[in-house]
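Chain by chain, the residues:
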2 protein chains.
Amino acid sequence: MPSSRFENLDPAKRQRVFDAAVAEFAQHPFENSSITRIVRRLGIAKGSMYQYFENKRALYRYVVTEVYEKKRSYLQPVLDQDMDFFTRLKRYYQQSYVFAQDNPLYHQVTVHFWETKDESLRRFIDETKQIRALDFTTMFHQAVQEGDVKDNIDERIAFFVYHSVGKELIEGFLNLPPRRTEDHLRFIESVLTVLEQGLSTGNK
Amino acid sequence: MPSSRFENLDPAKRQRVFDAAVAEFAQHPFENSSITRIVRRLGIAKGSMYQYFENKRALYRYVVTEVYEKKRSYLQPVLDQDMDFFTRLKRYYQQSYVFAQDNPLYHQVTVHFWETKDESLRRFIDETKQIRALDFTTMFHQAVQEGDVKDNIDERIAFFVYHSVGKELIEGFLNLPPRRTEDHLRFIESVLTVLEQGLSTGNK
DNA sequence: ACGCGAGGTGACTGGGCGGTCACGTGTTGG
DNA sequence: CCAACACGTGACCGCCCAGTCACCTCGCGT
């Protein structure tokens with residue numbers, strides 16, 4: 001998506017441009033983001049930016065793609081290693097947390113991304129969602145077969161529940177109450193334990 | 001928040017103005033909404049609008065308040081009637097669904113409301129969240145005392161889980177897959193059953 | 001020494017916005 | 001009949017934006 005002109009840039013400058021874009025999209029959702037602000041921050045001409053990327057959308061898609069590639073590098077190991085369903089989910093979300101800790105700006109970009117309303121990006125967003133759904137469905141089927149998960153639960157329901165809680169966990173990483181990382185990871189674990197065990201005592 | 005001039009308006013016109021504002025805030029989150037578009041839709045002068053409301057924020061706060069009052073009228077009965085914790089929660093979210101069905105535009109206003117980033121509305125949003133949290137905490141304590149809910153579960157964790165799933169359920173009402181209302185209500189019920197019973201078989 | 005092409009530039013266009021205010025209009029009461 | 005008032009109006013200000021393009025600079029091969 002970026003032009004050859006961008007690819008050929010001095011790597012240091014290319015990084016500077018990329019970082020500035022990340023900073024912008026971390027602070028503002030796509031609709032309210034501004035190329036003007038980005039180039040002002042960078043101290044380069046607006047025209048240059050338009051030599052690198054066709055338009056604002058192209059820049060955005062590029063940034064989001066790169067950011068998700070980075071995030072993948074945190075999550076993929078969890079999917080590859082062998083462990084039971086519930087442990088894997090805990091690790092999955094805990095890794096999301098670590099990603100957010102390590103790359104707070106990247107993390108904010110992903111959060112804004114979900115809220116994007118822009119029609120021209122609709123397809124792109126849906127594709128990204130699809131990937132997440134697939135991660136889950138694969139895990140889930142395996143868990144049902146291995147007897148870890150009740151077999152009378154509709155897969156779509158299960159996905160919905162995890163997706164909701166996961167999304168909120170991830171967004172919540174932004175307004176962390178002032179505790180320590182250890183506590184945050186424990187919080188994530190507790191939340192997932194509730195999903196595993198339920199709230200009910202079974203009395204009634 | 002609206003001026004006396006707005007209150008004194010011919011009720012039909014007042015309604016028309018209100019509806020137009022709802023339509024705008026249903027379509028666009030606050031940051032991207034436009035008074036200009038609203039008055040264009042209404043065929044009145046921009047100046048008139050500014051006689052009714054001090055500025056865009058005041059109009060928005062007014063609309064959101066009214067919308068939530070309407071929503072309250074759907075939810076309050078569920079809180080007042082006597083029933084056990086899990087049933088109440090199911091009713092609560094099912095009523096949210098009915099509200100969304102009956103007032104799709106109002107519903108969209110509430111969805112956008114949560115995503116608002118505007119600093120000057122931060123306090124307002126937090127207050128509204130607080131109300132929702134209180135609803136839940138009250139129910140939850142009662143349920144623990146009555147032995148319906150495990151007593152080793154941190155209230156904040158439980159709230160977090162329900163809040164996440166509830167939020168996503170509510171947003172999801174927008175992109176309903178083309179099924180019938182009955183199915184939707186069943187979907188909500190299933191989701192809440194998962195939270196009640198958990199996913200795990202208990203084997204391990 | 002020079003022409004050429006690659007890369008960088010920023011003034012400019014056309015558009016949208018929130019908010020203002022000097023002015024028109026129609027009603028009402030003295 | 002006129003003054004006071006309430007109400008409606010839309011041109012206008014200042015600001016910000018995406019995107020364009022004629023122009024400039026500079027290094028390199030000839």
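The model shown is predicted, which means the values in this text are computed figures rather than measured ones. (Residues numbered from 1 in each chain as written. Chains lettered and ligands numbered in written order. Predicted model: local features only at pLDDT ≥ 70, side-chain atom pairs only at ≥ 80, totals over all residues. Heavy atoms only, no water.)

Chemist: Hey, could you go over the relation of the copies chain B and chain A for me, with residue numbers and the actual values?
Modeler: Here chain B sits on chain A after a turn of 180° about the axis and a move of 0.0 Å along it, with an RMSD of 0.1 Å. Here the copies are linked by what is in effect a two-fold axis. No C-alpha of chain B approaches the rotation axis more nearly than that of Gly198(B), which lies at 1.8 Å. (Least-squares fit on C-alpha atoms with pLDDT ≥ 70 in both.)

Chemist: Tell me about the environment of Gln101(A), residues and numbers included.
Modeler: Structurally, Gln101(A) can be placed in helix α6 (residues 85-102). Placed 41 residues apart in sequence, Gln101(A) and Gln142(A) show a C-alpha to C-alpha distance of 30 Å. (Helix = DSSP H or I, 4+ residues; strand = E, 2+ residues; numbered from the N terminus.)

Chemist: Go over empty space enclosed by the protein, please, and point to the residues and values.
Modeler: Residue and element names in this part refer to chain A. In the structure shown here, the tally under the stated rule is seven cavities of 30 Å³ or more. Approximately 80 Å³ is the volume found for the largest cavity. Taken together, Leu89, Tyr92, Tyr93, Arg132, Asp135, Phe136, Met139, Phe159, Tyr162 and His163 form the lining of the largest cavity. Listing elements by their share of the lining of the largest cavity, those giving two or more residues are α6, α8 (122-145) and α9 (155-172). At four residues, α8 tops the list of elements feeding residues into the lining of the largest cavity. (1 Å grid on protein atoms, 1.4 Å probe; cavity = no way out; pocket = protein on both sides within 12 Å on 5 of 7 lines; lining within 4 Å. Points joined across faces, edges and corners; volume = space filled by probe spheres on them.)

Chemist: Could you give me a rundown of the protein's contact with DNA strand C, with the residues and numbers involved?
Modeler: Taken together, 19 residues surround DNA strand C, and among them Arg5(A), Gly47(A), Lys46(B), Tyr50(B) and Lys56(B) come closest. In DNA strand C, atoms within 4 Å of the protein come 58% from sugar and phosphate. Measuring from a base nitrogen of DNA strand C, one finds a side-chain N or O atom of Arg5(A) at 3.0 Å. Here a phosphate oxygen of DNA strand C and a side-chain polar atom of Ser34(B) are 3.2 Å apart. Elements represented by at least two residues in the surface near DNA strand C include exactly α4 (46-52) of chain A together with α3 (35-42) and α4 (46-52) of chain B. Looking at the surface near DNA strand C element by element, the count peaks at five residues for α4(A). Among the residues making up the surface near DNA strand C, the classes are represented as five nonpolar, eight polar and six charged. (Near = heavy atom within 4 Å. Polar contact = N/O pair within 3.5 Å; in protein donor to acceptor, adjacent residues only side chain to side chain. Nonpolar A, V, L, I, M, F, W, Y, C, P; charged D, E, K, R; others polar.)

Nothing here speaks to function; it is geometry throughout.
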